Amino acid sequence: MQKSIEHIAGDSEGVSYEFPVFRFEGLRFDGSDKAAPSAYLQAALHAGELPGVVAIDALMPMLEKAEAEGRIKGDITIVPQANPIGRAQYHFGEHQGRFHLGTRTNFNRGFPLLAAPDPTLLPDATSGTADQRLKTRLLQLSIGHDIVLDLHCDDEGLAYLYVHASLWPAMADCAAAMGVDAVVLWGEDTDGTFEGASITPYLNLPADVARFDRRVATTVEYRGILDVDGALAGSDAEGLYRLLVGRGVVLDQALSTPGSFTGIVAPLENIDMMPAPRAGAVLYDVKPGDRVAKGALLATIVHAPGEADGRTQVLAPQAGIILTRRSRRIIRAGEDLLKLVGDRKSADARSGTLED
Ligand SMILES: [Zn+2]
């Protein structure tokens with residue numbers, strides 16, 4: 001395993017950022033001498049989302065053991081903390097790792113959506129603002145890998161994946177290997193998420209070149225922001241390892257094959273985000289994983305405490321499963337209360353990009 005340090009120049013004098021990259025060089029062939037797929041894993045693109053960081057920390061010894069035993073077949077590149085810029089951003093004592101303070105741009109938006117998987121089409125990695133340079137560098141590191149995993153987390157939630165519809169159901173084995181609860185399928189990225197930038201270059205290629213049967217690109221939502229936990233990190237690392245073995249990046253004949261995926265699969269347009277009708281304190285009546293009927297009470301917003309009509313109830317617009325909810329209980333009018341994966345298309349379906 002090789003460790004190297006990437007450097008990103010800051011936007012002002014005396015400021016620069018760095019992050020480590022770990023590379024396992026594979027034997028390039030799987031057990032039957034076919035070309036082995038390569039993999040790229042990154043975590044904490046939204047710098048404060050740590051469940052994936054600790055999962056990678058638990059995965060590394062498994063990969064080092066495989067390397068020592070000559071079982072790494074495909075090249076593996078790992079970036080455990082992909083966003084040193086966001087990592088350093090504190091605003092009045094609170095960490096802000098989602099948006100770049102200098103440009104107000106979400107760190108998981110504004111990635112270039114290339115017409116082909118060719119890193120030479122990327123912008124110059126020395127131009128633009130620091131967050132743009134970081135994005136270019138992350139794509140330079142990831143483009144061309146058969147398997148690209150971007151590890152995030154939600155606010156409070158189940159473990160779930162975003163997957164482009166062209167990769168489903170071919171990626172059902174990955175969802176089963178990782179043991180996630182749900183998969184949300186999307187069709188078009190207009191905002192330039194990292195996942196979108198990872199899959200879009202292949203969408204216009206002939207099927208035998210794009211190889212959707214062996215390609216993996218996904219945003220992994222490892223539950224909630226507070227789910228940074230040793231036991232979960234261990235089981236998530238095992239899930240990542242099972243995926244790498246299942247797809248032939250790592251050889252491990254002792255590992256049993258996971259069964260078929262039995263979790264929720266729904267298109268993005270089925271998600272109801274439930275904007276709050278009032279500002280106030282949120283009393284949730286549901287939690288992630290709950291199945292709700294149409295009209296079920298989701299939450300009560302206490303907007304005028306102590307007054308007879310000071311509470312507003314929020315009801316489920318359709319039947320479905322609660323995927324996520326907020327970790328904080330303070331809300332403004334119009335902010336989203338939760339993600340309800342409905343059984344059918346949401347009347348409030350938001351077009352375009354995934355919600356990370
Ligand atoms: Zn995120």
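Refer to the structure presented above.
Before going into details, it helps to say that this report is about the structure given with it. (Residues numbered from 1 in each chain as written. Predicted model: local features only at pLDDT ≥ 70, side-chain atom pairs only at ≥ 80, totals over all residues. Heavy atoms only, no water.)

**Some points on the sheet that holds strand β2 (residues 16–24)**
- If you walk across this open sheet you meet the nine strands as β1-β2-β4-β3-β7-β11-β9-β10-β12, and the pairing is mixed. Two strands bound the open sheet, and with one partner strand each, they are β1 (2–9) and β12 (264–267). Taking the axes of each pair of neighbouring strands and ignoring which way they run, one obtains an average angle of 20° across the sheet.
- Packed on one face of the sheet, helix α3 (residues 130–142) meets β1, β2, β3 (39–43), β4 (76–79) and β7 (147–154) and runs near 150° to β1. (Pairing = 2+ DSSP bridges. Helix = DSSP H or I, 4+ residues; strand = E, 2+ residues; numbered from the N terminus. Axes fitted to C-alpha atoms, helices over the stretch in contact; angles between N-to-C directions. Contact = heavy atoms within 4.5 Å.)

**Some points on unusual backbone geometry**
- Note that the residue after Trp168, namely Pro169, is joined by a cis bond; omega there is 10°.
- With respect to the helices and strands, the residue Pro169 is situated in the loop between β9 (159–164) and α4 (172–178).
- Backbone geometry at Arg104 places phi at a positive 65°, although glycine is not the residue there.
- Take Arg104: it is sitting in the loop between β6 (94–95) and α3.

**Looking at the pairing of β9**
- Of all six residues in β9, six are buried, a share of seventy percent or more.
- Across the two faces of β9 the burial is the same, with Ala159, Leu161 and Val163 and Tyr160, Tyr162 and His164 all buried.
- In terms of strand pairing, β9 meets strand β10 (residues 182–186) through five bridges, oriented parallel. Bridge assignment links His164 to a residue of β10, and that residue is Trp186.
- At this point the chain moves from β9, through α4, to the parallel β10, and the crossover so formed is right-handed. (Buried < 20%, exposed > 50% of the residue type's maximum accessible area, 1.4 Å probe, protein only. Right-handed = clockwise from strand over helix to strand, strands pointing away.)

**Things to note about the side chain of Arg223**
- Position of Arg223 relative to the elements: it lies in strand β11 (residues 216–224).
- Overall, Arg223 belongs to the buried group, its relative accessible area being 16%.
- Only 2.9 Å separates the side chain of Arg223 from the side chain of Asp236, close enough to count as a polar contact.
- Not counting the four nearest positions on each side in its chain, Arg223 is found in contact with Cys153, Asp154, Gly157, Leu158, Ala159, Leu232 and Asp236. (Polar contact = N/O pair within 3.5 Å; in protein donor to acceptor, adjacent residues only side chain to side chain.)

**Overview of the pairing of strand β16 (residues 297–302)**
- Where burial is concerned, most of β16 is hidden: five out of the six residues are buried.
- Note: strand β14 (residues 280–284) against β16, four bridges, orientation antiparallel. Within the sheet, the bridge partner assigned to Tyr284 lies in β16 and is Ala299.
- Relative to strand β17 (residues 311–315), β16 is paired through five bridges, and the arrangement is antiparallel. Each bridged residue has a counterpart across the sheet, and for Leu297 the counterpart in β17 is Leu315.

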